[in-house]
Amino acid sequence: MTGKILDCVLMLLLVAALGYGVRLEKKLSALRAGQQAFATAVTELNAAAGRAEAALGSLRASGQETDLLHDRIVKAREVKAQLEALIARAPDTARTPQQETPKPVLVAARAPVAATADDERALRMAALAERIQGMAPATRAPAPVAAILGALSAGRTANQAAKQSLNQSRRNLDEDLFAA
């Protein structure tokens with residue numbers, strides 16, 4: 001009789017061990033699934049870090065380009081101010097109504113005055129403007145106002161193009177940062 005009691009106790013212990021094993025297997029399978037999800041999350045995080053690093057490289061490059069464009073804009077504004085000052089100091093010119101292309105005509109002759117560095121520069125700019133327009137180079141002729149105004153307008157156009165490029169690179173940078 002003691003053998004049968006021990007056999008029953010042993011069977012109960014085996015059933016309890018079997019139930020505990022099933023429960024343990026379920027927990028282990030949930031742990032494995034969590035580990036796989038964690039590995040996937042780590043992989044995605046690694047990819048996101050790579051994209052962020054690439055975006056930072058692009059940000060640095062855009063920052064350098066922005067600095068370059070800013071320097072160019074500042075220089076263009078300085079040249080524009082200098083050209084406007086030269087235009088303001090240019091001698092009076094008159095145009096005939098039948099002329100399609102403006103040609104400078106000296107209205108009044110000036111007495112020789114000691115030339116300053118600014119006057120020399122104004123004369124050099126006038127000679128350069130005449131060469132740009134395709135006129136024969138003059139030794140000391142007045143600056144053609146139309147050529148200088150054309151140069152100013154080209155400077156404004158370049159300034160606007162630089163601003164548009166800068167804004168586009170900023171937008172691209174914002175998109176890259178938000179995508180990462």
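Everything in this summary refers to the structure shown in the same document. Fair warning: this is a prediction, and the values are worked out from it, not measured in the lab. (Residues numbered from 1 in each chain as written. Predicted model: local features only at pLDDT ≥ 70, side-chain atom pairs only at ≥ 80, totals over all residues. Heavy atoms only, no water.)

1. What about the overall build of the protein chain?
Part 1: Counting its secondary structure elements, the protein chain contains 3 helices and 0 strands.
Part 2: For the protein chain, the sequential pattern of α-helices and β-strands runs α-α-α.
Part 3: Within the protein chain, the proportion of its 180 residues that are buried is 14%.
Part 4: Intrachain contacts of the protein chain at a sequence separation of at least 6 include 59% that bridge at least 24 residues.
Part 5: Only carbon and sulfur atoms are counted for the fraction: they give 62% of the accessible area of the protein chain, which is about 13,900 Å². (Helix = DSSP H or I, 4+ residues; strand = E, 2+ residues; numbered from the N terminus. Buried < 20%, exposed > 50% of the residue type's maximum accessible area, 1.4 Å probe, protein only. Contact = heavy atoms within 4.5 Å. Areas by Shrake-Rupley, 256 points an atom, 1.4 Å probe, with all protein chains shown as cover.)

2. Re the side chain of Thr66
Part 1: Mapped onto the secondary structure, Thr66 falls in helix α1 (residues 2-89).
Part 2: Among the residues examined, Thr66 registers a relative accessible area of 19% and is labelled buried.
Part 3: Sequence-distant contacts of Thr66, that is, excluding residues within four places in its chain, are made with Leu166, Ser169 and Arg170.

3. Remarks on α1
Part 1: With 88 residues, α1 ought to run about 130 Å at 1.5 Å a step, and its terminal C-alpha atoms sit 127 Å apart, in line with that.
Part 2: Those residues of α1 lying buried are Ala55, Ser62, Thr66, Leu69, Ile73, Leu83 and Leu86. (Expected span 1.5 Å × (residues − 1).)

4. Quick word on the layout of surface pockets
Part 1: The volume enclosed by the second largest pocket comes to roughly 220 Å³.
Part 2: As for the second largest pocket, its lining consists of 13 residues, of which Ala76, Lys80, Leu152, Gly155 and Arg156 are closest to the centre.
Part 3: Put simply, the parts of the chain that give the lining of the second largest pocket at least two residues each are α1 and α3 (145-179).
Part 4: A per-element tally of the lining of the second largest pocket places α3 first, with 7 residues.
Part 5: In the lining of the second largest pocket, the residues fall into 6 nonpolar, 3 polar and 4 charged. (1 Å grid on protein atoms, 1.4 Å probe; cavity = no way out; pocket = protein on both sides within 12 Å on 5 of 7 lines; lining within 4 Å. Points joined across faces, edges and corners; volume = space filled by probe spheres on them. Nonpolar A, V, L, I, M, F, W, Y, C, P; charged D, E, K, R; others polar.)

5. Here's the deal with the pattern of salt bridges
Part 1: Inspection of every chain in the model, using the stated rule, returns 2 salt bridges.
Part 2: Here Glu25 makes a salt bridge to Arg32, at a shortest N to O gap of 3.8 Å.
Part 3: The salt bridge partner of Glu84 is Lys80, with a shortest N-O separation of 3.8 Å. Taken as a pair, Glu84 and Lys80 lie in helix α1 at a separation of 4 residues, close to a single helical turn.
Part 4: Taking the relative accessible area as the measure of exposure, Glu84 reaches 37% and is therefore partly exposed. (Salt bridge = Lys/Arg side-chain N within 4 Å of Asp/Glu carboxyl O.)

6. Structural notes on a nonpolar patch on the surface
Part 1: The grouping of Met1, Ile5, Val9 and Leu13 at the surface amounts to a nonpolar patch, some 450 Å² of accessible area in total.
Part 2: Turning to its location among the elements, Val9 is positioned in helix α1. (Patch = residues over 30% accessible without salt bridge, like charges linked within 9 Å, V, L, I, M, F, W, Y side chains within 5 Å.)

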